[in-house]
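# Tertiary structure, described
Residue strings, one per chain:
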Amino acid sequence: ATVAHVASMDDVPGAVGEYLRGENLPSEIVMAPDATLDAAPWSDNSLLEIRRGAPVESDQVTVTSAPAAVAETGTLAMYSGPDHPATLNFIPETHVVVLPAGRVVKSYEDVWDSIRAQASDPESGRGGQLPRTVNFVTGPSRSGDIEQTLLLGAHGPRRLHIVIVDGE
């Protein structure tokens, strides 16, 4: 996994474009229909071709936000739901995650506390419902199960890039 820091959401489209160019990846991305991502001026980067929704097998890059991350282990907590299909985390070869720094918590227990608080908040629109699934992601997918040979991308993306947004 790789990490970049930006000062604000205004800097996110440029950081994503720079990462894709640096890795020689296509500029076509699939993005979650996500309020956090909507705060970034994506139209300022005319080189990015953005499609909203769930990815298909031929898609190579997705961009999502993460509702939480665990400082203790460097783990992202990804929730699934109507605004964030779980397939965004697993199908493409490259997953770019936008993470506001204020969402980094100390421990896994803090993530569960955050999930419960969001579900019970009347303004969240969740109506007390917890996410369908919570996936904890610590780096790109890898497995050594088959003949003890390391295989990248076995159960998800080969590359994980996290853009931490330091400002509000």
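What you see is a predicted model, and the numbers here were worked out from it, not measured in a lab.

### Description of the packing of aromatic side chains
Here the structure, examined in full by the defined rule, presents 2 aromatic pairs. When the centroid spacing of 4.9 Å and the interplanar angle of 70° are considered together, the rings of Y108 and F136 count as edge-to-face. Of this pair, Y108 sits in helix α4 (residues 108-120) while F136 sits in strand β9 (residues 134-137); the two residues are 28 residues apart in sequence, bridging distant segments of the chain. The partly exposed category is assigned to F136, whose relative accessible area is 31%. Measuring from ring centre to ring centre gives 5.7 Å for W112 and F136, while their planes differ by 65°; the resulting arrangement is edge-to-face. Placement of W112 in helix α4 and of F136 in strand β9 is noted, with a sequence separation of 24 residues between them. Since its relative accessible area comes to 36%, W112 is described here as partly exposed. Among the aromatic residues, those joined into a cluster by ring pairs are Y108, W112 and F136.

### Considerations on the sheet that holds strand β8 (residues 104-105)
One key point about sheets: their strands pair by backbone hydrogen bonds, in either a parallel or an antiparallel sense. The 4 strands are arranged β8-β5-β6-β9 in an open sheet whose pairing can be described as mixed. Here the strands that pair on one side only, and so sit at the sheet edges, are β8 and β9. When strand β5 (residues 68-70) meets β8, the two strands line up parallel, connected through 2 bridges. Across the sheet, A69 pairs through a bridge with V104, a residue of β8. Where α4 meets the sheet, it contacts β5, β6 (75-79), β8 and β9, and its direction lies at approximately 25° from that of β6.

Definitions and cut-offs
Residues numbered from 1 in each chain as written. Predicted model: local features only at pLDDT ≥ 70, side-chain atom pairs only at ≥ 80, totals over all residues. Heavy atoms only, no water. Phe/Tyr/Trp six-rings, centres within 6.5 Å; stacked < 30°, edge-to-face > 60°. Helix = DSSP H or I, 4+ residues; strand = E, 2+ residues; numbered from the N terminus. Buried < 20%, exposed > 50% of the residue type's maximum accessible area, 1.4 Å probe, protein only. Pairing = 2+ DSSP bridges. Contact = heavy atoms within 4.5 Å. Axes fitted to C-alpha atoms, helices over the stretch in contact; angles between N-to-C directions.

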